[in-house]
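Fold and contact review
In case you want the letters, here they are:
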Amino acid sequence: MPTRIDQPTVIQAHGTPPKQIREFIGRANSKTDDLSIAHMSSPAGWEEPGQTPEFEEYTLVLQGELVVETKEGEFTVSAGQAIIVYKGEWVRYRTPGAAGCDYVSVCRPAFSPQTVHRDPES
């Protein structure tokens, strides 16, 4: 039988200034361990610490631009574009543009604070 998700769970975000995370499917909202889907809204100037997650992250940008920094280089992902970051890769996300960014993040397995492995904040 299908499970309808009536509303997301708002999750506290890391980074400055704070972004909004609304998890529809995942460990917090639907008790789903194998996949998470969240709608993110990050303000202009937002950035978070780097991380080396144990999950793959698929990101689809809906509005604005998201800068994705890896050891291989820096990628600007614009509205209508997507990026995949594979588990075990170091990555840092930020939205330096004046408009901020609105995007959907899918993590497989589901996002977990225990498996994201964020860099220490200075």
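Numbers given to residues run from 1 along each chain, matching the order in which its sequence is written. In keeping with the predicted nature of the model, local features appear solely for residues at pLDDT of at least 70, side-chain atom pairs appear and are counted solely at 80 or more, and the whole-chain, interface and lining totals rest on all residues. Computation of side-chain values: all heavy atoms of the structure, hydrogens and water removed.

**Concerning unusual backbone geometry**
Which entries qualify depends on this criterion: Here a strand is any run of E in DSSP of at least two residues, a helix any run of H or I of at least four, and the numbering for each starts at the N terminus.
Residue Pro 17 follows Thr 16 across a cis peptide bond; omega there is -20°. As for its placement among the helices and strands, Pro 17 is situated in the loop between β1 (9-11) and β2 (20-25). Between Arg 108 and Pro 109 the backbone carries a cis peptide bond, its omega angle lying at -5°. Along the polypeptide, Pro 109 turns up in the loop between β9 (101-108) and α1 (113-116). Backbone geometry places Lys 31, a non-glycine residue, at a positive phi of 60°. Positionally, Lys 31 belongs in the loop between β2 and β3 (36-42). Phi at His 117 takes a positive value of approximately 50°, unusual for a residue other than glycine. For His 117, the position within the fold is in the segment after α1.

**Examining the side chain of Glu 48**
As a reminder of what qualifies: Burial classes: relative accessible area under 20% of the type maximum marks a residue as buried, over 50% as exposed, and values in between as partly exposed (1.4 Å probe, protein chains only). When charges are counted, Lys and Arg contribute as positive and Asp and Glu as negative, whereas His and the chain ends are disregarded. Put simply, a salt bridge is a Lys or Arg side-chain nitrogen that is within 4 Å of an Asp or Glu carboxyl oxygen. What makes two residues a contact is simply this: any of their non-hydrogen atoms within 4.5 Å.
By the element assignment, Glu 48 lies in the loop between β4 (46-47) and β5 (56-70). One buried charged residue, Glu 48, forms no salt bridge at all, with the nearest opposite charge on Arg 118 at 4.3 Å. The residues touching Glu 48, leaving out its near neighbours within four places in the chain, are His 14, Gly 15, Lys 19, Arg 92, Tyr 93 and Arg 118.

**Here we look at the nonpolar core**
This is how the line gets drawn: The nonpolar core is taken to be a set of buried Ala, Val, Leu, Ile, Met, Phe, Trp, Tyr and Cys residues, with the residues joined through side-chain atoms within 4.5 Å.
The biggest cluster of nonpolar side chains holds 15 residues, and the ones touching the most others in it are Val 61, Leu 66, Val 68, Tyr 93 and Tyr 103. Looking at this core, the elements that each hand over two or more residues are β3, β5, β7 (82-85), β8 (91-95) and β9. Top element by residues in this core is β5. It accounts for 3 residues. Setting aside chain neighbours within four positions, we find Leu 66 in contact with Trp 46, Thr 59, Val 61, Phe 75, Thr 76, Val 77, Tyr 93, Arg 94, Thr 95, Cys 101 and Tyr 103.

**Quick word on the side chain of Glu 57**
Selection criterion: Counting of polar contacts relies on pairs of N or O atoms within 3.5 Å, with two restrictions inside protein: one atom must be capable of donating a hydrogen and the other of accepting it, and residues adjacent in sequence are counted only when both atoms are side-chain atoms.
Inspection of the secondary structure assignment puts Glu 57 in strand β5. Although buried, Glu 57 forms no salt bridge, and the nearest oppositely charged side chain, Lys 19, lies 6.3 Å from it. Reaching out from Glu 57, the side chain makes a polar contact with the side chain of Ser 105 at a distance of 2.6 Å. Each residue touching Glu 57, except ones within four places of it in the same chain, is listed here: Gln 51, Ile 83, Ile 84, Val 85, Tyr 93, Ser 105, Val 106 and Cys 107.

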